[in-house]
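Chain by chain, the residues:
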Amino acid sequence: MIRALQIFLIVITSTFLLAAVGLVALEATWTTPPPGSPQDYFLYGSTGTELMPLPVFQVLPDLFPDQFQPAGKDAGDWIDQFGFIRGKADVNHGLPVGISVTHYRPKSGAPSPVEFVGFNCAICHTAVIRRSDKEAGTLVLGMGNPNIDLVAFGDAVKTSILDEKRLTLETIQSAYEAKFNKSLGPLDKLMITVWLKGVRQGLGQEMPMRNQPFAGADLRNSALMPSGPGRNQPMKETVRFLIDETPEPDGGSSKIPCLYEQHQRDWAQYDGSLRDPITRNSLAALGVGASIYNLRVPGILETMNQSYVYIRDLHGPVYSETFKDEPVDHVRAGRGQTVYMRYCSDCHGWPGAKPGEWIKGKRQNLVTPVDEIGTDPARVTFRFYPKMAQLIYDFFPDNHPLKPKRSDLRPNPGDAPGYINQPIGSAFSRVPFLHNGSVPTLAELINLQPRRAVFYRGSNLYDPARAGLLVGDQPDALRYFRYDTQVYGNSNKGHDYPWAYHGPGWNENELKDLLEYLKTL
Amino acid sequence: MEANEKYEITLRDFTLAFVPFGVLLGAALLAAEPTMDLGFSRTIYTIWATAALVTPALCAIILPGDSERKRNIWILFWTFSFVVYLVHLGYAVFSVYHGSMKEFLAGQGIFAAINNVIFTLWWALDIYLAWFRDSGARWIRIERVVGHWYIGVTFFASTVILKHGFINVIGGAMTAALLVCFMVRFDARRRAPVAMARAQSR
């Protein structure tokens, strides 16, 4: 009898142990099929920014309309109000473009039995060019989304998560059932419970560094949320994840740039601080929530690599194809080419005879010192800037697959801070202009028209005549962010080429020609 | 003595060691599931399980006597705890330190890293000797005593002094158990001359 009991115990224990080991082996199958092409990686791959379980993401805006519809219900849903690009209903759970759905757990990248959502490159670098609120517009992959207000969205998410009364497993479950007419599975419930506890703990630990997130109407208050639509605070976030400090001053806000034709760049980052585009992309992912640990996970690493493959040769949109009913004046453009070649081509290069070819200018891809270019200096002069190269180098462990070479990082002693002279193919779509997005149109950038001191940003439409964003001097429900060029980091001064507005040599007719030519790039 | 003649392990002894081994290792693997970092959690939970499983082995070597059962309990717990330790080591090296010696050294500190390497090699060597070599050899007896002191003190330091949290509960229980075993051993040694004298007087 005792012998039988002993055998029984051994069998039971063996079964339990085998089941546990079997589960560990099974984890390898909790994967999302890899995207099929570089474009699919760009649109759907994971960059390691897993944020929350899919069911939570699907109901969070319903549970917190005060956070996700800060302009009220009449101003559209959260996708409209935070400037995301609406996805197709039958693709990727109907989520906006750039939201990945994967089986990676947040931060570690460990396999998860339930799906998590995260943001990838396409969330910020995909845009729609529209001339009216009613038109569907043209979807442009790789274009910096001038409307997305990701920093404010992040605060809305954090505020909701920290609300322990309104965000519980029960409220999530009941909202999910109401929305999808089905219950959450036991694994969903388990992971949501675990995630909720962990994420609240994490946010609590970061509170001294990040402060309480803003909420509700404050999300649209430019005095409190200084980055606004189409921009983020890359230096602030980078210093935070590098050394757990919030820099003060913080380097200001930078616009979300277009990613076309990356092969034309010698240095990937627009201030000439990073040469390797994949290092730059990984720093962007780290700023949005990836970790140094999960960026090693093969599937995530592959997204970083394949996304670069996609943007390396990606062509920007063509003006004449985007606005078929707004023909370019080719006579004027022809004259404008002469102006361009005289005043712009040395720094920005020019299109070659073959399709997609770009001839490198003498100063193209060099850093023009900020004292010379005269644009806003905050980005390259804030207090941590001289240390950034070493901090980034030290941040990546030596065997990390994304560790950059030290020689691919700047500034180094003796380097004058400034901005790279970039090639400007598809110039009309690189809105708004200058690194901080302080100039809404090409007409203002070339000083054909005066640059506005204050304007309102949000879901701005496109103005083909001026080749830029249609911005007003009064807010409305969708254009809510007061862009004040007097604010730290927001200056619209500098880059007075070919001439300063009404300055010596200023020639309105030639500038009109130049604007027309720029539309053809 | 041939290696295969050294231990006559009974079903009862095997059950006594295998059941806690299987339960603790299985639980350590499963308990990580409801966490966000499987590798890190398993590294933690498996060292808890190792500390729990090594305690009976350390007790067995401390307690007086040389019964077959005591030797069986010792070798089984000593071996099973090492197996769990290897799982811990695997997760630590490949999940926490990503197979990088540099990260391992940076994460542990030079002294702790060297200590851990010696600790692992010594434990592995002792298990090899215990199963495959004649334990009666003088150098093996010395190696075993010194090795158990070294491994026991390392467990004490890491579970009671260096680390904090639930591991201290396991470390405290282990320490208490070992102290009791030492007391039993000293008590037995103290009684031994008296018992011998009584036997002689008869």
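Owing to the predicted nature of the structure, the values given are computational and were not obtained by experimental measurement. Each chain has its residues counted from 1, following the order in which its sequence is written. The naming scheme follows written order: chains are lettered A onward, ligands numbered 1 onward. Residues qualify for local features only when their pLDDT is at least 70, as the model is predicted, and side-chain atom pairs are given and counted only at 80 or more; totals for whole chains, interfaces and linings, by contrast, use all residues.

## Overview of the packing of helix 1 (residues 11–30) of chain B against helix 2 (residues 38–62) of chain B
Residues and elements named next belong to chain B.
Step number 1: With axes taken as lines fitted to C-alpha atoms, and helix axes fitted only over the stretch in contact, angles between N-to-C directions fall between 0 and 180 degrees. Numbered from the N terminus, helices here are DSSP runs of H or I no shorter than four residues, and strands are runs of E no shorter than two. It is at 8 Å that the axes of helix 1 and helix 2 come closest, and there the two elements cross at 165°. When the interaxial angle is binned, helix 1 and helix 2 end up roughly antiparallel. You can see that helix 1 and helix 2 cross each other, and the crossing is right-handed. Counting all contacts with helix 1, which are made through Pro20, Phe21, Leu24, Leu25, Ala28 and Leu29, the residues of helix 2 involved are Arg42, Tyr45, Thr46, Trp48, Ala49, Ala52 and Leu53.
Step number 2: Along the lines of polarity and charge, the residues of the contact of helix 1 with helix 2 split into 11 nonpolar, one polar and one charged. Oblique is the label for any angle not covered by the other classes, which are roughly parallel (under 35 degrees), roughly antiparallel (over 145) and roughly perpendicular (65 to 115). By convention, the crossing between two helices is left-handed when the near helix turns anticlockwise from the far helix through less than a right angle, and right-handed when the turn is clockwise. C-beta atoms are placed from the backbone for every residue, and two residues are taken to be in contact when these atoms lie within 7 Å. Note on residue categories: nonpolar means Ala, Val, Leu, Ile, Met, Phe, Trp, Tyr, Cys or Pro, charged means Asp, Glu, Lys or Arg, and polar means any other residue, Gly included.

## Topic: the interface of chain A and chain B
Step number 1: Taken together, the contact between chain A and chain B spans 24 residues of the former and 22 residues of the latter.
Step number 2: Residue assignment for the side of chain A that touches chain B shows that the elements contributing at least two residues are helix 1 (2–26) and helix 9 (186–210) of chain A.
Step number 3: Per-element tally for the side of chain A that touches chain B: the top contributor is helix 1 of chain A, with 12 residues.
Step number 4: Looking at side-chain class alone, the side of chain A that touches chain B contains 13 nonpolar, six polar and five charged residues.

## Re the domain arrangement of chain A
All names here are of chain A.
Step number 1: Along its sequence, chain A is organised into domain 1 (29–312) and domain 2 (319–377 + 417–518).
Step number 2: The split into domains, and so the bounds of each, comes from an automatic or database assignment of domains. When each unit is reduced to the centre of its C-alpha atoms, the spacing between domain 1 and domain 2 is 29 Å.
Step number 3: Counting residues at the interface gives 36 residues for domain 1 and 36 residues for domain 2.
Step number 4: Among the secondary structure elements, those contributing two or more residues to the side of domain 1 that touches domain 2 are strand 5 (138–141) and strand 7 (254–255).
Step number 5: Looking at side-chain class alone, the side of domain 1 that touches domain 2 contains 13 nonpolar, 13 polar and 10 charged residues.

## Some details on the sheet that holds strand 1 (residues 52–53) of chain A
Step number 1: Here, a strand pair is defined by DSSP locating no fewer than two bridges between the strands. One open sheet accounts for three strands, arranged 1-3-2 (chain A); its pairing is antiparallel. The open sheet has two edge strands, strand 1 and strand 2 (99–104) of chain A, and neither has a second partner.

## Notes on the packing of helix 7 (residues 150–162) of chain A against helix 9 of chain A
Residues and elements named next belong to chain A.
Step number 1: Running from N to C, helix 7 and helix 9 point in directions that differ by 115°, and their axes come no closer than 10 Å. The orientation of helix 7 with respect to helix 9, classified from their angle, is roughly perpendicular. Considering only the axes of helix 7 and helix 9, their crossing is left-handed. Packed against helix 7, whose contacting residues are Lys158, Ile161 and Leu162, the element helix 9 presents Val199, Arg200 and Leu203 at the interface.
Step number 2: Tallied by class, the residues present in the contact of helix 7 with helix 9 amount to four nonpolar, no polar and two charged.

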